[in-house]
Amino acid sequence: MRRVVVWCKAVLLCFFVAGCGDDAQVKEDASQAGAEAKPDRARFGPLQGEQRSFDLNGDGRADQLHYSVAGALTHVARDLNFDERFDLYEHFSNGQLVEIELDLDMDGAIDVVEEYANGRLEAKRYCIGFRSRMTVSRYYDADGALVRIERDSDEDGTVDTWEHYAPGASSPTRVEVDTNGDGQPDRQL
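Just so it is clear, the model here is predicted, and its values are computed rather than measured.

### Re the side chain of Glu 176
Tracing the backbone through its elements, the reader meets Glu 176 in strand S11 (residues 174–177). Side chain to side chain, Glu 176 and His 164 meet in a polar contact 2.9 Å long.

Now the structure itself:
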């Protein structure tokens, strides 16, 4: 029981620090719009591979699923609040974490996507106000410092605001805006 309490506390901490959901309701990821080959992710459809299930709280239902292909772990799905819906998905390639999907409001749809490369966070994409599209993306350098924020403020699938940050800066050093809708900055603030 103590292990479950410690695990639940760790999960709650993740909510404050870090989208995902089951395949019942999937929010559109504007970052993947027009992409031909979509990776095997919860927001694009069911996960593939050999599945092992774990009942962490002893209620007789799976709270965690591990997927593997040819013996290599590819995905982990976690039901953080034990409501029989998976809320967190971790995706692996060659033993390395490549992406996390998180359903923050527990509605079965992905709200945050974190992308990793070589063990470090590269980008985070957010659905603002838990709406349908990933409208804010944050990009990080090799040291984990924020370097750019891109926003799609009108939710049309095209970035219209770019905030650029100097390493370690807490406010943007340059802000660019697309005022004519062509997806390119044409005004600097």
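There's more to say after this.
### Looking at the confidence of the model for the protein chain
Within the protein chain, residue pLDDT values average 81, and 78% of them lie at 70 or more. This stretch, residues 1–35, has a pLDDT under 50; its non-local contacts, to residues over four places away or in other chains, come to 83 contacts.

### Here's the deal with the sheet that holds strand S5 (residues 96–102)
Pairing is antiparallel across the open sheet formed by twelve strands, whose spatial order is S1-S2-S3-S4-S5-S6-S7-S8-S9-S10-S11-S12. Either end of the sheet is taken by a strand with one partner, and the two such strands are strand S1 (50–54) and strand S12 (187–188). Relative to strand S7 (residues 120–126), strand S6 (residues 112–117) runs antiparallel, the two being bridged by six bridges. Directly across from Ala 117, in S7, lies its bridge partner Arg 120.

### Quick notes on the pattern of salt bridges
Proximity of charged atoms lets side chains of opposite charge pair with each other. Counted by the stated rule, this structure contains twelve salt bridges. Arg 61 is the salt-bridge partner of Glu 84, the closest N and O atoms lying 3.1 Å from each other. Residue Glu 84 is found in the loop between strand S3 (72–78) and strand S4 (88–93), and its partner Arg 61 is found in the loop between S1 and strand S2 (64–69); the two are separated by 23 residues along the sequence. For Arg 151, the salt bridge is made with Glu 163, and the minimal N-O distance between the two is 2.8 Å. Of this pair, Arg 151 sits in strand S9 (residues 146–151) while Glu 163 sits in strand S10 (residues 161–164), and the two are twelve residues apart along the sequence. On the basis of relative accessible area, Glu 163 is assigned to the buried category, the value being 12%. The structure contains a network of salt bridges with shared partners spanning Arg 41, Arg 43, Glu 99 and Glu 101.

### Re the pairing of S6
The side chains of a regular strand alternate between both faces of the sheet. Of all six residues making up S6, six are buried, and the element is well covered by its neighbours. In S6, alternate side chains face the same way, and those of Val 112, Glu 114 and Tyr 116 on one face and Val 113, Glu 115 and Ala 117 on the other are all buried. Where S5 and S6 come together, four bridges link them in antiparallel fashion. By the bridge assignment, Glu 99 is partnered in S6 with Glu 115. Two successive antiparallel strands, S6 and S7, enclose a turn made up of two residues, where Asn 118 displays a positive phi of approximately 50°.

What counts and what doesn't
- Residues numbered from 1 in each chain as written.
- Predicted model: local features only at pLDDT ≥ 70, side-chain atom pairs only at ≥ 80, totals over all residues.
- Heavy atoms only, no water.
- Helix = DSSP H or I, 4+ residues; strand = E, 2+ residues; numbered from the N terminus.
- Polar contact = N/O pair within 3.5 Å; in protein donor to acceptor, adjacent residues only side chain to side chain.
- pLDDT = per-residue confidence, 0-100.
- Contact = heavy atoms within 4.5 Å.
- Pairing = 2+ DSSP bridges.
- Salt bridge = Lys/Arg side-chain N within 4 Å of Asp/Glu carboxyl O.
- Buried < 20%, exposed > 50% of the residue type's maximum accessible area, 1.4 Å probe, protein only.

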